[in-house]
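Report on the structure
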Amino acid sequence: MILDGKAVSEKRLEILKEQIEESRLYPRLATVIVGTDPASQMYVRMKHRACERVGIGSIGIELPEDATTERVLETINRLNNDPDIDGILVQLPLPAQVDTTRVIEAVAPEKDVDGFHPCNLGRLLAGSPVFAPCTPQGIMTILKEYAIPTAGQRAVVVGRSIDVGRPMAALLLNADATVTICHSKTRNLEAEMRSADILISAVGRAKFVKPDMVKEGATVIDVGINHDEQGKLCGDVDFEAVRDRAGAITPVPGGVGPMTIATLMENTFKAAKLRTCDSTVRL
Ligand SMILES: Nc1nc2c(c(=O)[nH]1)N[C@@H](CN(C=O)c1ccc(C(=O)N[C@@H](CCC(=O)O)C(=O)O)cc1)CN2
């Protein structure tokens, strides 16, 4: 079975559009991009288009390639204090001279719709997330949409990044899976991967996952955004080789990517709701 992230994201965006209309809130998202990386520019454009589609107002702030950490922090500070902004998204990666950790930690937790602030990651780890990072949360939505069980399942996450691997493991753990995180120093990586009922690959290596690394019937989730020898977009998984062995598999494109954007929209609406209601959630 192919897990059609594009179709799931379309459905979620339609539902969200209605919810936003009914709420009479007017959520607003600010994006911040530093430099002119074409892929980052494309993702930011996609985010603004999704905002327009569901009824979220958006502003885009573009800083030059040579912007300093201080300049980025000033921008974030201004957005933190702007009552008309519900969510702040700093497009990653940032240029090398910018201190990414300081920037992430500068975003007010209640506006951190990317879910990267330590406060939001801590809540996720504690089992009571407010904003979970968009890619792993989007993956959980796909699993739910296709009624793929997680409780008691053996989940293996390959990759330990702050934006995908670690939060992915926390989300699966919160959903009662038995979770292993693998990384570059893991011994017997292939055996670990073969033990997975749910295999999540977030390593960033084109067609790295081959059929002999996958248990027959496993659910395979591909987080990779890579290019093959022909320059064509592909994931971490050798899709054509693995698809018949997997019970369910996400393609690239059309799998996890669109869910990242749909989840960002959901998080932004949530931020607007938390701002306006007398919530028990305190960040
Ligand atoms: N601040 C953030 N930066 C980055 C994030 C993030 O979640 N927050 N994730 C990635 C990039 N990303 C969003 O920013 C992203 C990547 C891919 C897609 C997507 O829909 N891809 C399409 C294919 C598009 C193409 O033609 O290239 C797909 O997979 O179908 C959306 C968002 C890093 N930075």
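Predicted model only: the values in this text are computed from it and were never measured.

**As for the UniProt feature "binding site: NADP(+)" (unreviewed entry) in the protein**
- Using the residue numbers shown here, the UniProt feature "binding site: NADP(+)" (unreviewed entry) corresponds to Gly159, Arg160, Ser161 and Ile225.
- Position of Gly159 relative to the elements: it lies in the loop between strand S4 (154–158) and helix H7 (165–174).
- Not counting the four nearest positions on each side in its chain, Gly159 is found in contact with Val164, Gly165, His183, Ala202 and Val203.
- Within the secondary structure, Ser161 sits in the loop between S4 and H7.
- The exposure class assigned to Ser161 is partly exposed, which follows from the 16 C-beta atoms found within 10 Å.
- With residues near it in sequence (within four places) discarded, Ser161 still touches Arg166 and Ala202.

**Let's talk about the packing of helix H1 (residues 5–23) against helix H2 (residues 38–54)**
- Running from N to C, H1 and H2 cross one another at 55°; their axes reach a closest spacing of 8 Å. Classified by the angle their axes make, H1 and H2 are oblique. Counted together, Leu13, Leu16, Lys17 and Ile20 of H1 and Ala50, Arg53 and Val54 of H2 form the full contact between these two elements.

**Observations concerning the site of the ligand**
- Every one of the 18 residues lining the ligand counts as a neighbour, but Tyr43, Leu92, Pro253, Gly257 and Thr260 are closest to it.
- With 4 residues, the top contributor of residues to the shell around the ligand is helix H10 (residues 256–276).
- Considering only residue class, the shell around the ligand consists of 12 nonpolar, 5 polar and 1 charged.
- When residues of the shell around the ligand are sorted by domain, at least three fall in each of domain 1 (25–114) and domain 2 (134–256).

**A look at the sheet that holds strand S6 (residues 198–201)**
- The 5 strands lie next to each other as S5-S4-S6-S7-S10, forming an open sheet whose pairing is parallel. In this open sheet, the two edge strands, each paired with only one partner strand, are strand S5 (178–182) and strand S10 (248–249).

**Topic: the pairing of S4**
- With 4 of 5 residues buried, S4 is to be regarded as a mostly interior element.
- Two strands pair when backbone bridges link them, and S4 and S5 are joined in this way by 5 bridges, in the parallel orientation. In the sheet register, Ala155 faces S5, and the bridge partner there is Val179.
- Chirality of the crossover, the property in question, places the unit of S4, H7 and S5 among those that are right-handed.

**Considerations on the sheet that holds strand S3 (residues 87–90)**
- Reading across from one edge, S2-S1-S3 is the order of the 3 strands in this open sheet, with parallel pairing throughout. In this open sheet, the two edge strands, each paired with only one partner strand, are strand S2 (57–63) and S3. Taken over all neighbouring pairs, the strand axes of this sheet differ in orientation by 15° on average, direction set aside.
- Sheet analysis places strand S1 (residues 28–34) next to S2, joined by 7 bridges and oriented parallel. Bridge pairing in S2 places Ile33 opposite Glu62.
- Along the sheet face, H2 touches S1, S2 and S3 and points at about 170° away from the line of S1.

About the criteria used
- Residues numbered from 1 in each chain as written.
- Predicted model: local features only at pLDDT ≥ 70, side-chain atom pairs only at ≥ 80, totals over all residues.
- UniProt positions renumbered as here; feature names shortened; annotations may be inferred.
- Helix = DSSP H or I, 4+ residues; strand = E, 2+ residues; numbered from the N terminus.
- Contact = placed C-beta atoms within 7 Å.
- Buried ≥ 20, exposed ≤ 12 C-beta atoms within 10 Å, placed from the backbone.
- Axes fitted to C-alpha atoms, helices over the stretch in contact; angles between N-to-C directions.
- Parallel < 35°, antiparallel > 145°, perpendicular 65-115°, else oblique.
- Near = placed C-beta within 6 Å.
- Nonpolar A, V, L, I, M, F, W, Y, C, P; charged D, E, K, R; others polar.
- Domains from an automatic or database assignment.
- Pairing = 2+ DSSP bridges.
- Right-handed = clockwise from strand over helix to strand, strands pointing away.

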